[in-house]
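Each chain, letter by letter, is given below.
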Amino acid sequence: MPAVPDLRRLSHFVAVVEAAGFTRAAQNLHLSQQALSSSVQQLEKELGASLLVRAGRRISLTPAGQTLLDEGRALLAAAHTVARHTRAAASAQPDEFVVGHSPAISNGEVYRLLEPAIAASPMTSFTVVQLFPDRLVSGVQDGTVHLGLRRGVVPQERLASAVARYDTLRVAVRSDHPLAAGMRIPIADLANETVVLWAPPGTSYYSDFLVNVCRRAGFEPHYRVSRVQGCPPEVAPLTDDAVAFVTSPPGPAIGGAVTVVDIDGPVLVPLQALWQPHTSSAVRDLILDTTATT
């Protein structure tokens, strides 16, 4: 059977790379530099691959070292998660399942996703937190977020992912806007409107998705990046005096100040689920199995 990396030596290797050398890493780990160097050399011997190029006190990664760094971080994070789950199972405390979601997804939408899992998991406590995409990804990577939810499909190299479901895209406008009078509007009717985005195109896959929806309807959208971040998407017509793509139900919203209108089509937008690789979770499986059939 091929050798697998020793987790302690793997953590030493990652520490050396992150500290850009053995001297500082040894200080951070409270080890002698000789012991740390020996640990990394033993890891190289176990794997049968050179991981670092040493030039005096400077180091650089070999292709094998870069691969181990990328995948080893995920492995170490998963090991911490496994240890945390094991300690929780040995205690009388209820399991905790943390769900993070981007601002483009409302708390209400998240609850509807989780509701079957909540009912089926009476010994699990659920925490839902809103996070901007960069913090969402880092939270999933380090295991503090057990399931991340975001709009659009973002390629992932270091996380496991799947499309959990597709939601119907709609348009939110001020209730005194002429478009609010219709039950259903073509996307082309937005050609002369300003559309709110939560990040500039090119920096957000969801923004790119929304811009492409407009382009497929035959126009290049006028857009504005919202000046109010973290609030429900339906408030954008009030805070930015523009129209906004949302996934909330049609009808009045925000106390009647906003109206959500259906789009001719319809247009479906994916909801991507992210989780830590090398881990298992019955609650996560239940959520994904349920959402896949919704």
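Residues numbered from 1 in each chain as written. Predicted model: local features only at pLDDT ≥ 70, side-chain atom pairs only at ≥ 80, totals over all residues. Heavy atoms only, no water.

- Per an unreviewed UniProt entry, the protein goes by Probable hydrogen peroxide-inducible genes activator and derives from Mycobacterium kyorinense.
- Looking at the Sequence similarities (unreviewed entry) heading of the UniProt record, one finds this comment for the protein: "Belongs to the LysR transcriptional regulatory family."
- As its UniProt record puts it under Function (unreviewed entry), the protein is described as follows: "Required for the induction the katG gene for catalase. Involved in the response to hydrogen peroxide." (UniProt positions renumbered as here; feature names shortened; annotations may be inferred.)

**Remarks on the layout of surface pockets**
No. 1: In this structure, the second largest pocket encloses a volume near 320 Å³.
No. 2: What lines the second largest pocket is a set of 17 residues, and nearest its centre among them are Pro133, Trp198, Ala199, Ser204 and Tyr206.
No. 3: If you list the elements that add at least two residues to the lining of the second largest pocket, you get strand E5 (147-151) and helix H7 (205-216).
No. 4: Its residues placed into classes, the lining of the second largest pocket shows 10 nonpolar, 5 polar and 2 charged. (1 Å grid on protein atoms, 1.4 Å probe; cavity = no way out; pocket = protein on both sides within 12 Å on 5 of 7 lines; lining within 4 Å. Points joined across faces, edges and corners; volume = space filled by probe spheres on them. Helix = DSSP H or I, 4+ residues; strand = E, 2+ residues; numbered from the N terminus. Nonpolar A, V, L, I, M, F, W, Y, C, P; charged D, E, K, R; others polar.)

**Observations concerning the nonpolar core**
No. 1: Ranked by internal contacts, the top residues of the largest apolar core, which has 24 residues, are Leu169, Val171, Leu190, Phe209 and Phe245.
No. 2: Broken down by secondary-structure element, the contributors of at least two residues to this core are strand E7 (170-174), strand E9 (194-197), H7, strand E11 (243-246) and strand E13 (258-263).
No. 3: Top contributing element to this core by residue count: H7, with 6 residues.
No. 4: Discounting residues that sit within four places of it in the chain, Leu169 has contacts with Tyr206, Phe209, Leu210, Phe245, Val246, Thr247, Ile263, Val267 and Val269. (Core = buried A, V, L, I, M, F, W, Y, C linked by side-chain atoms within 4.5 Å. Buried < 20%, exposed > 50% of the residue type's maximum accessible area, 1.4 Å probe, protein only. Contact = heavy atoms within 4.5 Å.)

**Considerations on the packing of helix H1 (residues 7-19) against helix H2 (residues 22-29)**
No. 1: Look at H1 against H2: their axes get within 8 Å of each other, and the N-to-C directions meet at 125°. The angle between H1 and H2 places the two elements in the oblique class. The crossing of H1 and H2 is right-handed. Across the interface between the two elements, His12, Ala15, Val16 and Ala19 of H1 pack against Phe22, Arg24, Ala25, Asn28 and Leu29 of H2.
No. 2: Split into classes, the residues belonging to the contact of H1 with H2 amount to 6 nonpolar, 2 polar and 1 charged. (Axes fitted to C-alpha atoms, helices over the stretch in contact; angles between N-to-C directions. Parallel < 35°, antiparallel > 145°, perpendicular 65-115°, else oblique. Left-handed = near helix turned anticlockwise from the far one by under 90°.)

**Remarks on the side chain of Asp167**
No. 1: Relative to the assigned elements, Asp167 resides in strand E6 (residues 160-168).
No. 2: Take Asp167: its relative accessible area is 10%, and that puts it in the buried class.
No. 3: The residues contacting Asp167, other than those within four sequence positions of it, are Arg151, Thr247, Val267, Leu268, Val269 and Leu271.

**A short note on the sheet that holds E6**
No. 1: One open sheet holds the 5 strands; their spatial order is E4-E3-E5-E14-E6, and the pairing between them is mixed. Of all the strands in the sheet, the pair left with one neighbour each is strand E4 (124-130) and E6. This sheet shows a mean twist of 25° between the axes of neighbouring strands, independent of strand direction.
No. 2: Pairing of E6 with strand E14 (residues 268-275), which is carried by 8 bridges, proceeds in the antiparallel orientation. (Pairing = 2+ DSSP bridges.)

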